[in-house]
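Structure at a glance
Each chain, written out:
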Amino acid sequence: MRPSPRPALLASEILPQNLNLRDGERRTVKCPDCETWRPLKRSMISPHRVDDDPAPGPRRYNGDTTPRPRAGRCPGSAQLITMDITVEQWGHALLDAESIAASRRSARQHYKPLAEAQVPVSRMARAPKSQSAQYFQNELNTAHQRAREAVALHRSSCAACQAGRYCGTGRQLEERRTWTEETREEQRAKQARAQKADRRWERSRDEDQARRRKAQWAERGGKAVETANNRCAKRTPGARSDFRGPQVPMAPRDMEAHDRRQAELGKQYARRAATTV
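Residues numbered from 1 in each chain as written. Predicted model: local features only at pLDDT ≥ 70, side-chain atom pairs only at ≥ 80, totals over all residues. Heavy atoms only, no water.

1. Examining helix H6 (residues 255-276)
Residues separated by three or four positions in an α-helix point in the same direction, a consequence of the helix having 3.6 residues per turn. Its 22 residues give H6 an end-to-end C-alpha distance of 32 Å, which sits within 8% of 32 Å, the value for a rise of 1.5 Å per residue. By the N-cap criterion, in which a side-chain oxygen at the helix start approaches the backbone nitrogen of a residue two or three places on, H6 is capped by aspartate 254, the distance to glutamate 256 being 3.3 Å. (Helix = DSSP H or I, 4+ residues; strand = E, 2+ residues; numbered from the N terminus. Expected span 1.5 Å × (residues − 1). Polar contact = N/O pair within 3.5 Å; in protein donor to acceptor, adjacent residues only side chain to side chain.)

Here it is as structure tokens:
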């Protein structure tokens, strides 16, 4: 078949991922027009059509001579390709393209766990303290139990320890058991003293709050306030309020100035009424 009248393409200008020059495999290339993989024959893309798949239509049976429509020829068919690179150069270019594509991929998302809810301000005074003391106590209990088990296991197999004469290993195991037991008891006493001090501080804080609350009630309360709150007497219409005292002015301080001001206001109102009419 005659080659395409288009100018030949250089293999070095084609993307390495669109060309296959692996040894032992059929050389193929992606058509630049229809973007389908086609074999290379004599440095030329094999002739093909735009769509080589059968056209949709009714199924053909034996003896059916109804022609089916066929797609037209692809413009990239019989395109010449000049091999200006070697297989090694193409392989290096393909590796470089794959490394660049891998570097462009988005990093893996690592979702952080949600933060724990903080203790409200109203409960900060009673918030639980660090669990380090309890953890240390649990570790001491475990160490003491292991020391006791080690002593019992050694005594079951040592004749000297069974007779009451401690050997070197038995003496070391017994000293370790005694040390863990004393340390455990000391830690228990220390934790008990700390808990007692915490309870004493909380009790003093509650008593202080109660005293301040009682003082506030005494300052803002009392018999007078209680009597005023419990009083529900009916008020006579037109009567003066009980809260009105001598400090409230009932008449103007300067009667002459007040009369002059009232006269001026009357004249102003009269002039305004005359202009509006």
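2. Re the sheet that holds strand S4 (residues 37-39)
In spatial order, the strands read S2-S3-S4; together these 3 strands make up an open sheet with antiparallel pairing. For this open sheet the edge positions go to strand S2 (19-20) and S4, each flanked by a neighbour on one side alone. Bridge analysis of S2 against strand S3 (residues 28-30) gives 2 bridges, and the strand direction is antiparallel. Across the sheet, the residue bridging to leucine 19 is valine 29, located in S3. (Pairing = 2+ DSSP bridges.)

3. Here we look at unusual backbone geometry
Most peptide bonds adopt trans geometry, and most residues besides glycine take a negative phi value. Despite not being glycine, glutamate 35 has its phi angle at roughly 60°, a positive value. Mapped onto the fold, glutamate 35 is located in the loop between S3 and S4. The exposure class of glutamate 35 is exposed, given its relative accessible area of 58%. Of note, serine 43 is a non-glycine position whose phi angle comes to about 60°, a positive value. Mapped onto the elements of the fold, serine 43 is located in the loop between S4 and strand S5 (81-82). (Buried < 20%, exposed > 50% of the residue type's maximum accessible area, 1.4 Å probe, protein only.)

4. Structural notes on helix H4 (residues 168-220)
Between its first and last C-alpha, H4 extends 78 Å over 53 residues, near the 78 Å set by a 1.5 Å rise per residue. Residues of H4 that are buried include every one of Gly170, Leu173, Glu174, Thr180, Thr183, Arg184, Gln187, Gln191 and Arg205, and no others. In the stretch just after H4, glycine 222 is the one whose phi turns positive, near 115°.

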